[in-house]
Amino acid sequence: MKTFAVDRSLGDISLEDLGGAQAAAIREASAATERGVAVTYVRSVFRPESGSCTCLFEAGDKADVEEVNKAAGLPYDRIVEALDIPHPERA
């Protein structure tokens, strides 16, 4: 599995809508996995001052992550392969 970063511009999204977007990403990743396309939502980092958000997914292919985000109805600016480097004492 590879890690992919999904960059989004969400503007002044409310915390309620942000939570809904996260739930949609989790739901659609689970649905894809149930269909045999392994995609896992990992976490998101939201920066309220700029309205930008980066969500991490694990998947075999960028196209799978793109499909999950489209199915969830979530806007994105780009999807790129990334390295998720955890804190060594928290890994």
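Residues numbered from 1 in each chain as written. Predicted model: local features only at pLDDT ≥ 70, side-chain atom pairs only at ≥ 80, totals over all residues. Heavy atoms only, no water.

Enquirer: Even after reading the chapter, I still don't get the nonpolar core, so can you show me in this structure?
Expert: Nonpolar side chains tend to gather and get buried jointly when the protein is soluble and globular. Ranked by internal contacts, the top residues of the largest apolar core, which has 20 residues, are Val6, Val39, Cys55, Phe57, Val65 and Val68. With six residues, the top contributor of residues to this core is helix 1 (residues 15–34). (Core = buried A, V, L, I, M, F, W, Y, C linked by side-chain atoms within 4.5 Å. Buried < 20%, exposed > 50% of the residue type's maximum accessible area, 1.4 Å probe, protein only. Helix = DSSP H or I, 4+ residues; strand = E, 2+ residues; numbered from the N terminus.)

Enquirer: Before we go on, may I ask you to explain the packing of aromatic side chains in this structure?
Expert: Tallying each qualifying case throughout the model produces one aromatic pair. On the basis of an interplanar angle of 80 degrees and a centroid distance of 5.7 Å, the ring pair of Tyr41 and Phe57 is categorised as edge-to-face. Linking Tyr41 in strand 2 (residues 39–47) with Phe57 in strand 3 (residues 52–59), this pair joins segments that are 16 residues apart in sequence. The exposure class of Tyr41 is buried, given its relative accessible area of 13%. (Phe/Tyr/Trp six-rings, centres within 6.5 Å; stacked < 30°, edge-to-face > 60°.)

Enquirer: For this particular structure, what's the right way to read the packing of helix 1 against helix 2 (residues 62–72)?
Expert: Packed helices, taken two at a time, are described by the angle between their axes plus the distance between the axes. Viewed as axis vectors pointing N to C, helix 1 and helix 2 meet at an angle of 125 degrees, and their least axial separation amounts to 9 Å. As the angle between them shows, helix 1 and helix 2 are arranged oblique. Our pair here, helix 1 against helix 2, has a crossing hand that is right-handed. The residues of helix 2 that touch helix 1, namely those facing Ala24, Ala25, Glu28, Ala29 and Ala32, are Val68, Ala71 and Ala72. Within the contact of helix 1 with helix 2, the residues separate by chemical class into seven nonpolar, no polar and one charged. (Axes fitted to C-alpha atoms, helices over the stretch in contact; angles between N-to-C directions. Parallel < 35°, antiparallel > 145°, perpendicular 65-115°, else oblique. Left-handed = near helix turned anticlockwise from the far one by under 90°. Contact = heavy atoms within 4.5 Å. Nonpolar A, V, L, I, M, F, W, Y, C, P; charged D, E, K, R; others polar.)

Enquirer: Help me understand helix 2, please; the structure alone is not making it clear to me.
Expert: Each turn of an α-helix holds 3.6 residues, which means side chains three or four residues apart point in the same direction. Among the residues of helix 2, those classed as buried are Val65, Val68, Asn69 and Ala72. Buried residues along helix 2 cover an arc of 95 degrees about the axis, so they all sit on one side. On its buried face, helix 2 is in contact with strand 1 (2–9), helix 1, strand 2, strand 3 and strand 4 (78–82). Where helix 2 begins, the capping side chain belongs to Asp61, and its oxygen is found 2.8 Å from the backbone nitrogen of Ala63. (Arc of directions from axis to C-beta. Polar contact = N/O pair within 3.5 Å; in protein donor to acceptor, adjacent residues only side chain to side chain.)

Enquirer: Can you help me understand the environment of Val6 in this one?
Expert: Considering the arrangement of structural elements, one finds Val6 in strand 1. The class of Val6 is buried, set by a relative accessible area of 0%. Setting aside anything within four residues of it in sequence, one finds Val6 in contact with Cys53, Thr54, Cys55, Phe57, Val65, Asn69, Tyr76, Arg78 and Ile79.

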